[in-house]
Amino acid sequence: MQILEIYQSRQGEGLWTGNYSVFVRTLGCHLRCCYCDTSYAWAQDASDGLGADLSPEEIAGRVMLLDLPNVVLTGGEPMLSSEIVPLTKLLKEFDYQVTIETSGTIDAPVLCDLMSISPKLSNSFPADDDDKLRKHHVQNCLNTDVIRQLILRYNYQLKFVIDTPDDLNEAEDYLKQLKNVISDRVFFMPQATDSEVMAAKAEWIVPYCEKHGYHYCPRMQIIWYGNTRRT
């Protein structure tokens with residue numbers, strides 16, 4: 001499995017905000033979101049000079065050295081690798097609480113305690129002159145059927161990145177397509193890389209969430225540590 005980094009920090013987003021966790025960041029992603037804050041994980045494999053090719057057993061061994069009960073599998077897109085299935089099985093055998101952070105575009109029979117899904121709205125489209133890259137992203141960034149399956153099988157949360165008020169309407173339309181989504185499992189997160197911008201967007205996102213029964217989701221890792229890697 002192509003792994004970029006394994007480190008400990010606090011979960012900064014969603015239902016389990018504040019949990020001290022081991023983060024396992026995989027290499028590779030089939031999307032190219034314009035606001036991605038982990039674009040350094042886009043490299044497809046360790047031969048690009050980043051990370052290492054590790055077996056599930058090796059990953060679990062490194063996780064154990066950090067001695068925390070929670071593990072977050074993130075990326076990149078961790079669901080790209082077929083080895084995520086035996087990895088999650090192994091982690092659950094050792095009684096870890098496992099979160100998978102995914103775009104919700106790939107399904108696999110993983111074991112996890114929280115499926116953290118980030119559906120991609122049109123604000124994710126790459127502002128790129130490469131028409132092939134942009135077309136690939138647009139065609140693959142949303143898979144309603146996959147997300148429906150994931151939310152049926154797993155404890156889940158849906159995190160939408162919100163940049164402008166128009167994004168709220170787009171997210172609502174998408175939730176209607178999914179059907180039967182529990183409102184208190186929906187999180188609206190401001191697109192921001194600093195506390196000031198996040199606070200400004202909170203002024204109109206928070207009232208909307210309160211009105212519709214959703215959660216406002218600040219990126220607490222930015223408040224705690226700034227916009228820095230491995231947080």
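Whatever comes next refers back to the structure up there.
These notes cover the structure that comes with them. Per chain, the residues get numbers from 1 upward, laid out in the order the sequence is written. In keeping with the model being predicted, local features are shown solely for residues with a pLDDT of at least 70 and side-chain atom pairs are shown and tallied solely at 80 or more, while totals for entire chains, interfaces and linings include all residues. Side-chain numbers come from the whole structure's heavy atoms, not from hydrogens or water.

## Looking at the side chain of Thr88
At step 1: Numbering of helices and strands starts at the N terminus; helices are DSSP runs of H or I of at least 4 residues and strands are runs of E of at least 2. Relative to the assigned elements, Thr88 resides in helix α2 (residues 84–93).
At step 2: We call a residue buried when its accessible area falls under 20% of the maximum for its residue type, exposed when it is over 50%, and partly exposed in between, using a 1.4 Å probe and counting protein chains only. For Thr88, a relative accessible area of 0% gives the class buried.
At step 3: One polar contact links the side chain of Thr88 to the main-chain carbonyl oxygen of Val85, over a distance of 2.9 Å.
At step 4: Under this definition, polar contacts are N or O atom pairs within 3.5 Å; protein pairs additionally need one hydrogen-donor-capable and one acceptor-capable atom, and for neighbouring residues in sequence, both atoms have to be side-chain atoms. Within polar-contact distance, the side chain of Thr88 engages the backbone nitrogen of Leu111 at 3.1 Å.

## Considering the pattern of salt bridges
At step 1: Each reported salt bridge corresponds to a side-chain nitrogen of Lys or Arg within 4 Å of a carboxyl oxygen of Asp or Glu. Enumeration over the complete set of coordinates arrives at 10 salt bridges.
At step 2: Ionic pairing is found between Glu13 and Lys159, a salt bridge with its closest N-O pair at 2.7 Å. On the criterion of sequence distance, the pair formed by Glu13 in the loop between β1 (2–10) and β2 (20–26) and Lys159 in strand β7 (residues 156–162) is long-range, its members being 146 residues apart. The same class applies to Glu13 as to Lys159, namely buried.
At step 3: With a closest N to O distance of 2.2 Å, Asp37 and Arg219 form a salt bridge. Taken together, the residues span a long stretch of sequence, with Asp37 in the loop between β2 and β3 (52–53) and Arg219 in the loop between β9 (215–216) and α7 (220–225) at a distance of 182 residues.
At step 4: In this structure Arg219 comes out as buried when scored by relative accessible area, which is 8%.
At step 5: Shared partners join several salt bridges into a network, and the residues in it are Glu5, Arg25, Arg229 and Arg230.

## Observations concerning the sheet that holds β7
Adjacent strands of a sheet form backbone hydrogen bonds with each other and so pair up, either parallel or antiparallel.
At step 1: For two strands to pair, DSSP has to find at least two bridges joining them. Pairing is mixed across the open sheet formed by nine strands, whose spatial order is β3-β1-β2-β4-β5-β6-β7-β8-β9. Both edges of this open sheet fall to β3 and β9, since each of them pairs with a single strand only.
At step 2: As defined by bridge partners, β1 adjoins β2 across seven bridges and the pair is classed as antiparallel. Counterpart to Arg10 in the pairing with β2 is Tyr20.
At step 3: Any two residues having at least one pair of non-hydrogen atoms within 4.5 Å are treated as being in contact. Axis definition: a line fitted to C-alpha atoms, limited for helices to the stretch in contact. Angles are taken between N-to-C directions and run from 0 to 180 degrees. Of the strands in this sheet, β1, β2, β3 and β4 (70–74) are in contact with helix α1 (residues 56–66), which crosses β1 at around 20°.

## Let's talk about the packing of aromatic side chains
At step 1: When the centres of two rings from Phe, Tyr and Trp lie within 6.5 Å, Trp using its six-membered ring, the rings pair. Their planes under 30 degrees apart give stacked, over 60 give edge-to-face, and anything left gives tilted. Taken as a whole, this structure holds six aromatic pairs when the rule is applied.
At step 2: Each ring, one from Phe188 and one from Tyr214, has its centre 5.1 Å from the other, and the planes form 55°; the classification is tilted. Residue Phe188 is found in strand β8 (residues 186–190), and its partner Tyr214 is found in the loop between α6 (195–212) and β9; the two are separated by 26 residues along the sequence.
At step 3: The class for Tyr214 is buried, based on a relative accessible area of 15%.
At step 4: Between Trp224 and Tyr225 the ring centres are 6.1 Å apart and the planes differ by 75°, which places this aromatic pair in the edge-to-face class.
At step 5: Both a distance and an angle decide whether a charge sits over a ring: NZ of Lys or CZ of Arg must be within 6 Å of the ring centre and within 35 degrees of the ring normal. The residue whose ring lies beneath Arg10 is Trp224, and the NZ or CZ to ring-centre distance is 3.8 Å.
At step 6: Stacked on the ring of Tyr40, the Lys or Arg Arg229 has its end atom at 4.1 Å from the ring centre.

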